[in-house]
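Chain by chain, the residues run as shown.
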Amino acid sequence: MIEQQKICIKCILPDGFLGVNLNPEGMCDFCSDPDHKNINWSRKVIGTERRQTALENWNIVVVQMQQNHGKIPYDCILGYSGGKDSTALLDHLVNDLGLNPLAVTSDTGFMTDIAKDNMKDTLTQINVDHVLIEECIPTFTKLYKYHFFNHNSNETFLARYICDYCSDLIHSIVVKEAIRREIPYVLFGYSPDQIFRYFYEMPQEEVIKEWKPEILDTPFFDDSDNQWYLTDEEIENGDLPRVLLPYHVIPYREQDIIELVESKNYIKRGHADPLLTNCNVVHAATFYDFNRYSGILYAYQYAELVRQNPEERKKWVRTLKISAPLILENKFKHREVTAFFNQIGVSQEEMLNHIQEQLEKDPNREQIETNINMFRKKRRTKQVKAVPQ
Ligand SMILES: [Zn+2]
């Protein structure tokens, strides 16, 4: 019943899902028009020529790094998270290309134990220097707290804001490390589907303009937070490293990456699952978003997967129906979400009250509440049926 009436017949987006509407045939805006875009999602296609040019550039960069090998202490910096992609890239740089990268990790305070274990296992086998920066944790904590309490958009998810601001800070910390050590290249292991903001290279003008958020000027933040962002002096001196995303151009197959990191014992079997290394902040933002907007940011990504593989629709609709009530009630990743709320000093109840206040101001409130109830209903009916007559 649910999926036939309220969910797009081609993908999995519900009617009224942050600006998404179903037409009389039951098809959503994105399925009825391949060029449709909104603030949360647009299909990004990288042309063959652009991809080829970027690959040629990467090959030149590799040769340059190899030629300068030994002349400077490190050939490049790798932003290292302990996830499967940055682990596999580390292996590629060292074992395939013969380079000496410096692995740099900026701890957000919410790294999972699995990610930390992965790092330990990997670094006993790949002989590279590793810098773990932990002094930035209080700034990350403030950044999250600020967004959880000041997100007041009726158009876009908290998860989008949090992920953008958080990754800007991570990038910024790693780039500052490169400036300090005069290392010309910074690499991140983003996978080929992570192209919403950047393809292959983070352009320097954006690095300068976009990374330092205006909210830093609010009294909520102080100089201890500012220190993690690029200073005017660093920008004026102009020796910014190039920031590159090699997996956007070199061969990448998720299954091969998992096999590589597991077979070399960098990551224990079953621990390469992105859901396990995904940070707890994302899980908490998902709880916020589902209760606030009756949907989550990743639904757009899953919907696009379904559009590309229609036979997977059934599986995803089932996943949606099973996980929605759990997310709404904080039963999905409960421990992680609760730990996050503890760390930013708020109870689940306070957070729900805050979400409710925001929801009450939203002109789409009625539609959102209808969708939330649709996702909850399934469970209620079951519970009623479970009582013997
Ligand atoms: Zn659709």
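Fair warning: this is a prediction, and the values are worked out from it, not measured in the lab. (Residues numbered from 1 in each chain as written. Predicted model: local features only at pLDDT ≥ 70, side-chain atom pairs only at ≥ 80, totals over all residues.)

A tally of helices and strands in the chain yields 18 helices and six strands. Here the C-alpha radius of gyration of the chain, 22 Å, is about what a compact globule of 389 residues would show, namely 21 Å. Dimensions along the principal axes, computed over C-alpha positions, put the chain at roughly 80 × 50 × 40 Å. The proportion of buried residues among the 389 residues of the chain is 35%. A fraction of 77% describes how many contacts in the chain between residues 6 or more apart in sequence connect residues 24 or more apart. (Helix = DSSP H or I, 4+ residues; strand = E, 2+ residues; numbered from the N terminus. Rg over C-alpha atoms; globule rule 2.2 N^0.38 Å. Buried ≥ 20, exposed ≤ 12 C-beta atoms within 10 Å, placed from the backbone. Contact = placed C-beta atoms within 7 Å.)

Leu13, Cys76, Ile77, Leu78 and Val281 are the most contacted members of the largest nonpolar core, which totals 96 residues. Leave out the neighbours within four places in its chain, and Cys76 touches Met65, Leu99, Pro101, Ile183, Tyr185, Val186 and Leu187. (Core = buried A, V, L, I, M, F, W, Y, C linked by C-beta atoms within 7 Å.)

With that settled, consider the domain arrangement of the chain. In terms of domain boundaries, the chain breaks down into domain 1 (2–38 + 279–379) and domain 2 (48–263). Domain 1 and domain 2 are separated by 29 Å when their C-alpha centres are compared. Contact with domain 1, which involves 21 residues of that partner, is made by 20 residues of domain 2. For the side of domain 1 that touches domain 2, the elements supplying multiple residues, two or more each, are helix H13 (280–293), helix H16 (334–343) and helix H17 (348–360). (Domains from an automatic or database assignment.)

Of the two faces of strand E4 (residues 185–188), both are covered, the one formed by Tyr185 and Leu187 as well as the one formed by Val186 and Phe188. With three bridges connecting them, strand E1 (residues 76–79) and E4 associate as parallel partners. Bridge pairing in E4 links Leu78 to Leu187. Where E4 meets strand E6 (residues 242–244), three bridges bridge the pair, whose relative direction is parallel. Along E6, the bridge assignment pairs Leu187 with Leu244. (Pairing = 2+ DSSP bridges.)

Between its terminal C-alpha atoms H13 stretches 20 Å, which fits the 20 Å expected from 14 residues at 1.5 Å a residue. Most of H13 is tucked away: 14 of the 14 residues are buried. (Expected span 1.5 Å × (residues − 1).)

We now examine helix H3 (residues 48–68). For H3, which comprises 21 residues, the first-to-last C-alpha distance of 30 Å matches the rise-based estimate of 30 Å (1.5 Å per residue) to within 8%. For H3, the full list of buried residues reads Ala54, Val62 and Met65. Down the axis of H3, the buried set is contained in an arc of 85°. They therefore lie on one face. Residues of H3 that are exposed and point more than 90 degrees away from the buried face comprise Thr48, Glu49, Gln52, Glu56, Asn59, Ile60, Val63 and Gln67. For H3, the elements touching its buried residues are E1 and E4. Following H3 by one or two positions, Gly70 adopts a phi angle in the positive range, close to 95°. (Arc of directions from axis to C-beta.)

Let us look at the packing of H13 against helix H15 (residues 313–328). Across the interface, H13 lies against H15 with an axial gap of 9 Å and an inter-helix angle of 100°. If you check the angle between H13 and H15, you find them roughly perpendicular. Every residue of H15 that contacts H13 at Thr286, Phe287, Phe290 and Asn291 is listed here: Ala324, Ile327 and Leu328. Grouping the amino acids of the contact of H13 with H15 by side-chain chemistry returns five nonpolar, two polar and no charged. (Axes fitted to C-alpha atoms, helices over the stretch in contact; angles between N-to-C directions. Parallel < 35°, antiparallel > 145°, perpendicular 65-115°, else oblique. Nonpolar A, V, L, I, M, F, W, Y, C, P; charged D, E, K, R; others polar.)

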